[in-house]
Amino acid sequence: MTQPSGTARERIVAGAADMISRRGLNATSIRETAKHARAPLGSTYHYFPEGKQQLATEAVRYTGDLIARSLRKELEAGPVAGLRAFLGLWRKIVVDTDFRAGCPVLAVSIEEPPTDETPAALLAAADVFEEWESLLAASLRDHGAEPEEAAQLATLIVAAVEGTVAMCRAKRSTQPLDRTAEQLQALILRTCR
């Protein structure tokens, strides 16, 4: 995730998203995030008085918004263009970080919550996945897919891409993205009449 050159708060949120994408939530501390964002530690606690969970929630929303903006723009050209952009974005992230970064939304989703309660960051991750699925499903419907088929394919796309990003990191290769792209594109073309 790229770090904005904006306010200290924006840099901290972007820095947290980047660190979570590389290390996971549990291994990301407020102190390291402030250092990574080149922001004073005190300002981190000022902007995020509820601590790490508040910061993680903001980082998840930041990532979700960033991807959703890109998807909205690219889906204007249709679901295949949207898919290519979605995969291209993740390809850039894994390649540019030498396979060290993945998706902070996924990272927050797979870690064990610190309490028996569902943390706000996990709820935010569910909302982000839902938004990405909704954007894809709407484009699929607009291009001829039946509503239920569009919803199912949108879920498959998000799940496949998230899993593929993890596989790319493990294999240190973009081959899983290439294979997934080919199959998902074929599914979209068969679904949209």
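Our subject is the structure that appears above.
## Looking at unusual backbone geometry
Peptide bonds are, in most cases, trans, and in most cases residues other than glycine have a negative phi.
Phase 1: Even without a glycine there, the phi angle at Arg38 is positive, about 55°.
Phase 2: The topology assignment puts Arg38 in the loop between helix H2 (30–36) and helix H3 (41–47).
Phase 3: One non-glycine residue with positive phi stands out, namely Arg172, at about 55°.
Phase 4: Structurally, Arg172 is set in the loop between helix H8 (147–171) and helix H9 (175–191).

## Notes on the packing of helix H7 (residues 120–142) against H8
Phase 1: Where H7 meets H8, the axes come as close as 8 Å, and the angle between the chain directions of the two elements is 130°. Put simply, H7 runs oblique to H8. Crossing of H7 over H8 shows right-handed handedness. Together, Phe129, Trp132, Glu133, Leu136, Ala137, Leu140 and Arg141 of H7 and Pro147, Ala150, Ala151, Leu153, Ala154, Thr155, Ile157, Val158 and Glu162 of H8 make up the contact between the two elements.
Phase 2: Here the contact of H7 with H8 is composed, by residue class, of twelve nonpolar, one polar and three charged.

## A few points about the layout of surface pockets
One way to see where empty space is left: roll a probe the size of a water molecule over the atoms.
Phase 1: Roughly 160 Å³ of volume is contained in the second largest pocket.
Phase 2: When residues of the lining of the second largest pocket are traced back to their parent elements, those giving at least two are helix H1 (8–23), helix H6 (104–110) and H8.
Phase 3: Broken down by element, the lining of the second largest pocket gets its largest block of residues, four residues, from H1.
Phase 4: Residues of the lining of the second largest pocket, tallied by class, amount to seven nonpolar, three polar and four charged.

## Comments concerning the packing of aromatic side chains
Phase 1: Applying the stated criterion across every chain yields a total of four aromatic pairs.
Phase 2: On the basis of an interplanar angle of 65° and a centroid distance of 6.5 Å, the ring pair of Tyr47 and Phe48 is categorised as edge-to-face.
Phase 3: Measuring from ring centre to ring centre gives 5.7 Å for Phe86 and Trp132, while their planes differ by 75°; the resulting arrangement is edge-to-face. Pair noted here: Phe86 is in helix H5 (residues 79–96) and Trp132 is in helix H7, with a separation of 46 residues, a long-range link. Like Phe86, the residue Trp132 is buried in the burial classification.
Phase 4: Following the ring pairs from residue to residue traces out a cluster consisting of Phe86, Trp90, Phe129 and Trp132.

## Some points on H7
Phase 1: Its 23 residues give H7 an end-to-end C-alpha distance of 33 Å, which sits within 8% of 33 Å, the value for a rise of 1.5 Å per residue.
Phase 2: Elements that come into contact with the buried residues of H7 comprise helix H4 (52–75), H5, H6, H8 and H9.
Phase 3: Phi turns positive one or two residues past the end of H7, at Gly144, with a value near 105°.

Reading the values: the criteria
Residues numbered from 1 in each chain as written. Predicted model: local features only at pLDDT ≥ 70, side-chain atom pairs only at ≥ 80, totals over all residues. Heavy atoms only, no water. Helix = DSSP H or I, 4+ residues; strand = E, 2+ residues; numbered from the N terminus. Axes fitted to C-alpha atoms, helices over the stretch in contact; angles between N-to-C directions. Parallel < 35°, antiparallel > 145°, perpendicular 65-115°, else oblique. Left-handed = near helix turned anticlockwise from the far one by under 90°. Contact = heavy atoms within 4.5 Å. Nonpolar A, V, L, I, M, F, W, Y, C, P; charged D, E, K, R; others polar. 1 Å grid on protein atoms, 1.4 Å probe; cavity = no way out; pocket = protein on both sides within 12 Å on 5 of 7 lines; lining within 4 Å. Points joined across faces, edges and corners; volume = space filled by probe spheres on them. Phe/Tyr/Trp six-rings, centres within 6.5 Å; stacked < 30°, edge-to-face > 60°. Buried < 20%, exposed > 50% of the residue type's maximum accessible area, 1.4 Å probe, protein only. Expected span 1.5 Å × (residues − 1).

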